[in-house]
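An overview of the molecular structure
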There are 2 protein chains.
Amino acid sequence: MVLKETVSEVGERALIRMASSIYKDHNPSVDLTDDCAFTPIADEYILSSSDMISEKTHVPHGMTPWQIGWFITAVNLSDIASKGGNPIGILLSIGMPRTYLISSFLELIKGASSCATQYNTSIIGGDTKENDHLVISGTALGRVHKDFFMSRKGLQSDDVIAVTGTLGKAAAGFHSLKNQKKSGEINALCEPTPRVKEGQKLAETGLVHSCMDLSDGLSSSLYQLAELNHVGFEIQKEKLPISKELHDISLCDPTVDELYLSLHYGGDYELLFTASKKNISLFQKKLDEINVPLTVIGKVISGKETVFIYDSNENIEVLQNLGYEHFTNK
Amino acid sequence: MVLKETVSEVGERALIRMASSIYKDHNPSVDLTDDCAFTPIADEYILSSSDMISEKTHVPHGMTPWQIGWFITAVNLSDIASKGGNPIGILLSIGMPRTYLISSFLELIKGASSCATQYNTSIIGGDTKENDHLVISGTALGRVHKDFFMSRKGLQSDDVIAVTGTLGKAAAGFHSLKNQKKSGEINALCEPTPRVKEGQKLAETGLVHSCMDLSDGLSSSLYQLAELNHVGFEIQKEKLPISKELHDISLCDPTVDELYLSLHYGGDYELLFTASKKNISLFQKKLDEINVPLTVIGKVISGKETVFIYDSNENIEVLQNLGYEHFTNK
């Protein structure tokens, strides 16, 4: 194999594949394709997942230290949520410059701790070290009964595909932040709400066939599920639950393409899952109890790993895979 | 409370105390004073610990990517070792510039995976993200039966204090690296060997009263144990198991103070523990089975949290607390 030279030439997912292949050489059972690692202990899995953010590349200008703390905690909890897990703790490694203000550090810690508390867990450990700028790596731990674990794999050929909540909230928040509007939308971007309870409610039915969170955006997530399960998807344009916030912005600003952003912009931290059509009403009932909408947006199709999008006029086209990928210019 | 302005004015341990106090406000059972978080599941604890390193501040010039991968894995495993734990996996979050060479990334991954394999575990997850320079946060997970967990707390007033292996190996390695000598000592610095088996053998006796690893250096570790257990220590100078490597260097280079470095230089990743004097021969026997020396270096004393060092001429003085602390100039 001839290696390309720098990491930016291959992108994050190729790097993970290469790393995974080395880990597998040492231990063939290692599987980095899911949202979490899952380690069997008695009749449960211990779930673990790490996410790193850097002030330079991941923190929109205007995000407060409190929000940064909330954000890193929430995105890590989202991975536990997507497996149906019950969080058992968060570890936070914080790199920061010597000149970082103690008051900012404490606000960050408060944001992280508030988010953990909101989801019935705690910050249980971590590290603080010097770094040129703020960089934070979070690790979320969780537990789930083996029978309830929702893998990314296991999708069945006659499944429908559904999504919790709405799409494009984070995109709306980014638009408001960029335009220096003070509005509630910014919270959806900076203080995302991981679907912990929702994941547990879905998982406890034992009827979900595959599940992941939407951190990278809908199109990217669909392609990841398709590749992993060797299927395609067919998505209906009119079914997409575009958020009211994004819709309202698009009405006032013609440069905002609500469909494009709902399909490709990440950061919504909703759950995307597949199951038999006949069980959707049960899921709907479970999520109604906590006032969370659920929308079937399409179905699995056989054949190659391609995602099609069609509208009510039966125009059909291939959905581009445009979600965010680190180290690339996408 | 009037807050000092920047994090460098208070140092790492004060920051951890402040963070801990906020976490405790949300959940009084949170305890950040041990090497690992420990979460009860059935009759075991799930151990978790994170350590972060940055190329700019933690990686000596000359360390290879393979060694960086080994190092971050080893230092995380050392925390599991110090609680008597059995490792169940490592997560690695790697921040790196877009220009980082793929070949270096793969070497780093191989070093990390080799270290994990050496200690019967695997890299089970992580993240890769863009950062101005290389920064890595590792999280080690482990498990230990509740009866065998070795806390930092629990020391008894008539305990002796002992250390595995030798002191000053990392200091010797740093000296060699700085002087561009190619020698085996460099491995002790760049490829430390966490005392995983040793920790398990000690823990399984159920007779260790308190234990921690020596990452920050002997003096700092002694003061941390003293403060946590509200006791003091008396250490005998001639008993300190100074490494042969450091001793040999000090013979050739009069600027190298072997006693000072053995007391204050970190990076040895040995285990420091207390127990009843009568059980030391049992521990010795257990560690003899794997050819690891064990040395009683002193004993617990009552009174204020001070560490004294004396020699065979009965000169006694207060040991300075000079171990490395991040964000300070120590």
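Up top is the structure these notes are about.
Note on numbering: residues in each chain are counted from 1, in written sequence order. In the order they appear in the text, chains get letters beginning with A and ligands get numbers beginning with 1. Per-residue local features are limited, in this predicted model, to residues with pLDDT of at least 70; the limit for side-chain atom pairs, both in listing and counting, is 80 or more; totals at the level of whole chains, interfaces and linings are taken over all residues. With hydrogens and water excluded, all non-hydrogen atoms of the structure serve as input to the side-chain values.

Description of the pairing of strand β8 (residues 232–236) of chain A
Residues and elements named next belong to chain A. Note the cut-off: For each residue, the accessible area found with a 1.4 Å probe, counting protein chains only, is set against the maximum for its type, and the residue is called buried under 20%, exposed over 50%, and partly exposed in between. Secondary structure counts use DSSP, requiring at least four H or I residues in a row for a helix and at least two E residues in a row for a strand, with both numbered from the N terminus. Two strands qualify as a pair provided that DSSP identifies no fewer than 2 bridges between them.
Among the five residues in β8, four count as buried, and that is most of the element. Two elements, β8 and strand β10 (residues 294–301), share four bridges in a ladder whose sense is antiparallel. Note on β10: the bridge partner recorded for G232 is I301. Looking at chain direction, β8 and strand β11 (residues 307–310) are connected through four bridges and run parallel. Of the residues in β11, the one forming a bridge with E234 is F308.

A look at the sheet that holds strand β7 (residues 210–213) of chain B
Residues and elements named next belong to chain B. We apply this condition: With axes taken as lines fitted to C-alpha atoms, and helix axes fitted only over the stretch in contact, angles between N-to-C directions fall between 0 and 180 degrees.
The mixed open sheet is built from seven strands, whose spatial order is β7-β9-β6-β10-β8-β11-β12. What marks the edges here is a single partner per strand, and that holds for β7 and β12 (316–318). Averaged over all pairs of adjacent strands, the angle between strand axes in this sheet comes to 25 degrees, irrespective of strand direction. Note: β7 against strand β9 (residues 271–275), four bridges, orientation antiparallel. The residue bridging M212 from the neighbouring strand is L272, located in β9.

A short note on the relation of the copies chain B and chain A
Our working rule: What sets the superposition is a least-squares fit of C-alpha atoms, and only residues with pLDDT of at least 70 in both copies go into it. Note on contacts: a residue pair is in contact if any heavy atoms of the two residues lie within 4.5 Å.
Overlaying chain B with chain A gives an RMSD of 0.0 Å, the required rotation being 180 degrees about an axis along which the chain moves by 0.0 Å. Both copies are brought into coincidence by an operation consistent with a two-fold rotation axis. Among all residues of chain B, the minimum C-alpha distance to the rotation axis is found for S137 of chain B, at 3.2 Å. A high fraction, 100%, of the interface residues of chain B reappear at the interface in chain A, so the copies pair face to face through one surface.

A look at the interface of chain B and chain A
For the record, the criterion: The term buried area denotes the loss of accessible surface (1.4 Å probe radius) that occurs when two parts are joined, taken as the sum for both partners. Should a side-chain nitrogen of Lys or Arg be within 4 Å of a carboxyl oxygen of Asp or Glu, the pair is scored as a salt bridge. Pairs of N or O atoms within 3.5 Å make up the polar contacts considered here, provided that, within protein, one atom can donate a hydrogen while the other can accept it, and that residues adjacent in sequence are counted only when both atoms are side-chain atoms. Classification used: nonpolar for Ala, Val, Leu, Ile, Met, Phe, Trp, Tyr, Cys and Pro, charged for Asp, Glu, Lys and Arg, polar for all others including Gly.
Taken residue by residue, the interface counts 76 residues in chain B and 76 residues in chain A. Between chain B and chain A, a total of about 6500 Å² is buried, with carbon and sulfur atoms accounting for 64% of that surface. At the surface where chain B touches chain A, the tally comes to four salt bridges. The residue K56 of chain B makes a salt bridge to D132 of chain A at a minimum N-O spacing of 2.5 Å. Linking chain B with chain A are 26 residue pairs in polar contact (both at pLDDT 80 or more). Those elements giving two or more residues to the side of chain B that touches chain A turn out to be α1 (12–26), β1 (37–41), β2 (44–54), α2 (55–58), β3 (86–96), α4 (102–118), β4 (123–130) and β5 (135–145) of chain B. Looking at the side of chain B that touches chain A, the element that brings in the most residues is α4 of chain B, giving nine residues. In terms of residue class, the side of chain B that touches chain A is built from 34 nonpolar, 29 polar and 13 charged.

Some points on the pattern of salt bridges
All names here are of chain A. For the structure on display, the rule yields 32 salt bridges over all chains. D35 is the salt-bridge partner of R152, the closest N and O atoms lying 2.8 Å from each other. Of the two residues, R152 sits in the loop between β5 (135–145) and β6 (160–164) while D35 sits in the loop between α1 (12–26) and β1 (37–41), which places them 117 residues apart along the sequence. Of the two residues, R152 and D35, neither departs from the other in class, the shared state being buried. Members of the salt-bridge network, linked through shared partners, are D34, D35, K83 and R152.

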